[in-house]
Amino acid sequence: MTYTFDQSNQEPPKQGLLLLQILILTLFCVFALRLWYLQIHRGEEYAAKARENQLRQEAIFAPRGLIRDRNGELLAVNEPAYALGLVREDCKDIDATLEQVGRWTGIPVKDLKAVYQKGRRRVKPFEPLILAPDLTFEQMAIIEANQLHWPGLEIRIRPRRQYKYGVMMAHLLGYVAEANESEMSKDPALALGDEVGKQGLEFMLEQQLRGAKGLRQFEVDVNGRKLDERVLKKPKAGHEVDLSIDLGLQQLVTDWLEGEAGAVVVMDADTGQLHALVSSPSFDSNAFSSGLSTEQWNTLRDDPMHPLQNRAIQSVYPPGSVFKLAIAGAGLSNKMVDIHETVFCSGSLKLGRHVFRCWRRGGHGKVNFERALVESCDVYFYKLGKKLTVDRMSEFATACGYGVKTGIQLPHEKAGNIPTREWKRRRFGERWQGGDDLNMAIGQGYTLVSPLQVARFVAAMINGGKLLKPQLLKDDKVAVLSQVPLSDGERALIKKAMRNTVDGPRGTARRLRTKGVDVGGKTGTAQVVRLTDELKKLKDEEIPYKYRDHAWMCSYAEKDGRRFAIAALVEHGLHGASGAGPVVKAVIEYLFNGKTLKRPPKKH
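Residues numbered from 1 in each chain as written. Predicted model: local features only at pLDDT ≥ 70, side-chain atom pairs only at ≥ 80, totals over all residues. Heavy atoms only, no water.

A. A look at the sheet that holds strand E21 (residues 562-570). Spatially, five strands are ordered E12-E11-E21-E20-E19 in an open sheet, and the strand pairing comes out antiparallel. Of all strands in the sheet, those bounded by a partner on one side alone are strand E12 (274-280) and strand E19 (518-526). Ignoring strand direction, the axes of neighbouring strands in this sheet form an average angle of 10°. In this sheet, E21 lies alongside strand E20 (residues 550-559) in antiparallel orientation, the contact comprising nine bridges. Looking at the pairing, cysteine 554 lines up with alanine 567 of E21. Along the sheet, helix H19 (residues 488-503) makes contact with E19 and E20, crossing E19 at roughly 85°. Sitting on the sheet, helix H21 (residues 576-593) touches strand E11 (262-268), E19, E20 and E21, and the angle it makes with E20 is about 25°. (Pairing = 2+ DSSP bridges. Helix = DSSP H or I, 4+ residues; strand = E, 2+ residues; numbered from the N terminus. Axes fitted to C-alpha atoms, helices over the stretch in contact; angles between N-to-C directions. Contact = heavy atoms within 4.5 Å.)

B. Representation of the side chain of arginine 160 within the structure. Within the fold, arginine 160 resides in strand E5 (residues 153-163). Among all residues touching arginine 160, those that are not within four sequence positions of it are Val77, Asn78, Glu79, Ala81, Asp134 and Ser289.

C. Up close: a positive patch on the surface. On the surface, a cluster of positive charge is contributed by Arg357, Arg361, Arg530 and Lys536. Position of arginine 361 among the secondary structure elements: in the loop between strand E15 (354-357) and strand E16 (365-367). On the accessibility criterion, arginine 361 (70% relative accessible area) is exposed. (Patch = residues over 30% accessible without salt bridge, like charges linked within 9 Å, V, L, I, M, F, W, Y side chains within 5 Å. Areas by Shrake-Rupley, 256 points an atom, 1.4 Å probe, with all protein chains shown as cover. Salt bridge = Lys/Arg side-chain N within 4 Å of Asp/Glu carboxyl O. Lys, Arg positive; Asp, Glu negative; His and termini not counted. Charge placed at Lys NZ, Arg CZ, Asp CG, Glu CD. Buried < 20%, exposed > 50% of the residue type's maximum accessible area, 1.4 Å probe, protein only.)

D. Representation of helix H15 (residues 378-399) within the structure. With 22 residues, H15 extends only 23 Å from end C-alpha to end C-alpha; this falls clearly short of the ideal 32 Å at 1.5 Å per step. Within H15, the axis deviates most sharply at threonine 389, by approximately 95°. Phi turns positive, to about 95°, at glycine 401, one or two residues after H15. (Expected span 1.5 Å × (residues − 1). Bend = angle between axes of the 7 residues up to and from the residue.)

E. Geometry of empty space enclosed by the protein. Applying the stated criterion across every chain yields a total of one cavity of 30 Å³ or more. For the largest cavity, the calculated volume is near 30 Å³. In this structure, the largest cavity is lined by Pro419, Trp432, Asp436, Asn439, Met440, Gln444, Gly445 and Tyr446. A class-by-class count of the residues in the lining of the largest cavity yields four nonpolar, three polar and one charged. (1 Å grid on protein atoms, 1.4 Å probe; cavity = no way out; pocket = protein on both sides within 12 Å on 5 of 7 lines; lining within 4 Å. Points joined across faces, edges and corners; volume = space filled by probe spheres on them. Nonpolar A, V, L, I, M, F, W, Y, C, P; charged D, E, K, R; others polar.)

Any link to function would need more than the numbers given here.
Rendered as structure tokens:
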């Protein structure tokens, strides 16, 4: 059977043709709309993205401001450092790359991953995310030799802070370290890997020293290689700073305090400028700027000598007999002292059931105001403190700058403590006792001061009574914060007593005598703990270190219109004259005679 197709009886479906035309028209409209959307509606945005694929920008680091001493000697400089960055969009395998970086640098992979996760939120995919801020030359050479096999890695050169006298100046200059999340959140100018001041003047003068970053734009090919670049914005270096510190004097004092725990402050009595501020022991601030390991940090933190502590401003101590200068001033100011009146010192004073002893067991006999200061008679000041009471002593001491911060441009300064009746009730829930007055009068009990406060008070005794703000910058103007409430005549009496403490035959600071220089002084011995009868029988060198008294010496020295106040504190130095006196004598010789006295070998 044969079938034949008869085409003449067939007609194309009219509905199908119409559908086909509608379909073609719809597709045309969709393409037209899409084209409009891409070219017109979002054309500029996509054009910008296309340009970004070819042009990249990166910051140019600004050098941090240099720091010099008062004679122009460089203290803090900038050196080139090599950092390893990772450009994410050029990297094919992030995990493998981080593991390889860990093998090259020795940085644990988990630490690198933590840096990467933190950085990816702040760094754009085409910008280098800093993984290792400070490569050694050997590490840099290995990475550069293998860079073609690990796309996305690049070496960046950036300035690194270097302290030429890292240990000697650590407590003054402080250090810089990588900015943390909190610091970056507060300051939009900071980026991951940037360094900021963390301590000392680096912290206090951060905005002044940092400078402003520049901006560089460059063209890259599809492999990320730079083809052309130009600087859009030049970096601006940080301001340079000249300190008031004399590097030679700072070195001298540092040498004298080697092996000791203590602090020395040397202040220009007329300007408040500090020529030396030394705290011992110290630490190397370069270790922080180059990245401190956890082990290094734990060692510093757990050191029983507390090298991170700036003892000149952050440690407060019982002042011992150097506080008698303030108590003498309180007696004069309140008209409760007759300088000719004598007090008999038998070696002790009984108050109720308690016996308060003078440092001289046999007593001083009859002493007047001046002799009581020159020979540091405790019984005289017990009786004066009993008359003044804590109310007058506290009011006067506070007016002299004790118990309040000096305002020095360094962080974490401590105010110390000048007790009051209310303070004791609030602190211990106890009433102020008569014996507390006696202890306070000789600088013991609850009174705590810093070496800087002592130096500032001594400066006020010779500069007309002006309580100055301590200055660390050479160009800072003199800032008078208040006036010590003593008349010229009353200050002259205290200064005369200090001079006779040095020049008089019975003075306790005779070792400060310096030919041609007007020198006054006051020694102090601050009890750390009450010694048992058994410990009292021991020789000085046999007493355990932690039980030995602190040694104080404060002094003024002037010649040819130059005047300085000096305060020295040696922890567990036993006696003011022998423990703290020698370093003060060395300072005076340096300031007025240009001599550099060497410290004699320590006796064991």
